Amino acid sequence: KDQISAFGAYLSVRNMSPKTVTLYTAQTKHFIKWLKDTDPAQVTRRHIEAHVAWMQDGGKYKPRTIQCRLKAIRAYFDYLVAVDVIKENPARKMKPFKTGWHLPATVLTREEVTALLDAPDTASREGIRDRTMLEFLYGSGPRVSELVGLNLDDLDLDDEQVLIRGKGGTNLSVPLSGESVLWLRLYVEYIRSELISDPNEQAVFVGDKGKRINLLI
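Below: a short report on this structure. (Residues numbered from 1 in each chain as written. Predicted model: local features only at pLDDT ≥ 70, side-chain atom pairs only at ≥ 80, totals over all residues. Heavy atoms only, no water.)

## Some points on the pattern of salt bridges
Inference 1: Taken as a whole and assessed by the stated rule, the structure comprises twelve salt bridges.
Inference 2: A salt bridge links Glu-49 to Arg-45; the nearest nitrogen and oxygen atoms lie 2.5 Å apart. Of this pair, Glu-49 and Arg-45 both sit in helix H3 (residues 45–56), four residues apart, which is roughly one turn of that helix.
Inference 3: Residue classification places Glu-49 among the partly exposed residues on the basis of a relative accessible area of 31%.
Inference 4: Using a relative accessible area of 33% as the deciding quantity, one classes Arg-45 as partly exposed.
Inference 5: When the shortest N-O distance is used, the salt bridge between Arg-129 and Asp-130 registers 3.0 Å.
Inference 6: Judged by relative accessible area, Arg-129 falls into the buried class, the value being 8%. (Salt bridge = Lys/Arg side-chain N within 4 Å of Asp/Glu carboxyl O. Helix = DSSP H or I, 4+ residues; strand = E, 2+ residues; numbered from the N terminus. Buried < 20%, exposed > 50% of the residue type's maximum accessible area, 1.4 Å probe, protein only.)

Rendered as structure tokens:
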């Protein structure tokens, strides 16, 4: 709260109108709330990209609203740079968001998504595993390589978050959907132990041989 107030003061001395200051601080509060326990000083470009994807999902926000929030986020990280909290602004590494952007024509309809999620046979252990993976992919949007690289320690089901380990050592804390949490609890607590071949296996999702799924096979 104090940091947001300081951010508002920073904007004011830069001769921004009171209306813009109020708008930018409100938009930044929403972003920080979305981050949950992630320290703003640890935010990377991928966090912001994930936030944009979350705003776009299902048409939650209009393109102009997304553009406005990105301007606020960019200004907020400019402020953190100015007060020496961070060295560079992660939002400056993103390509400008265009209000004319459209989702790809190949995006599945709600009915098609439902059919895909319902496809695995959840009467079997493997089917529950597959349904859990699909719910996670749909709800949090990781790459498939990030899904198979997921370890048990990366899951925080109580706080409904997952740590995604990306390329180049970048880590991203991503929210889990309520449906994903339900399936992950079922899978991790009751099913996974029956699928693994080694009790020391750290992979969340294992293949038919009981080991981490290998995408090269």
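## With respect to the packing of aromatic side chains
Inference 1: Counted according to the given criterion, the structure contains nine aromatic pairs.
Inference 2: Ring centres 6.4 Å apart and planes at 45° place the aromatic pair Trp-34 and Trp-54 in the tilted group. You can see Trp-34 sitting in helix H2 (residues 18–35) and its partner Trp-54 sitting in helix H3, a full 20 residues away along the chain.
Inference 3: Using a relative accessible area of 33% as the deciding quantity, one classes Trp-54 as partly exposed.
Inference 4: One aromatic cluster is present, formed by Phe-7, Tyr-10, Phe-31, Trp-34, Trp-54, Tyr-76, Phe-77 and Tyr-79 through successive ring pairs. (Phe/Tyr/Trp six-rings, centres within 6.5 Å; stacked < 30°, edge-to-face > 60°.)

## Observations regarding helix H1 (residues 2–13)
Inference 1: Across its twelve residues, H1 extends 17 Å between first and last C-alpha, which sits within 8% of the 16 Å expected from 1.5 Å per residue.
Inference 2: Inspection of H1 places Ile-4, Phe-7, Gly-8, Tyr-10 and Leu-11 among the buried residues, and these make up the whole buried set. Each buried residue of H1 sits inside an arc of 155° when the element is viewed along its axis, so together they form one side. Seen from the open side of H1, the exposed residues pointing more than 90 degrees away from its buried face are Asp-2 and Val-13.
Inference 3: Each element contacted by the buried residues of H1 is listed here: H2 and helix H4 (63–82). (Expected span 1.5 Å × (residues − 1). Arc of directions from axis to C-beta. Contact = heavy atoms within 4.5 Å.)

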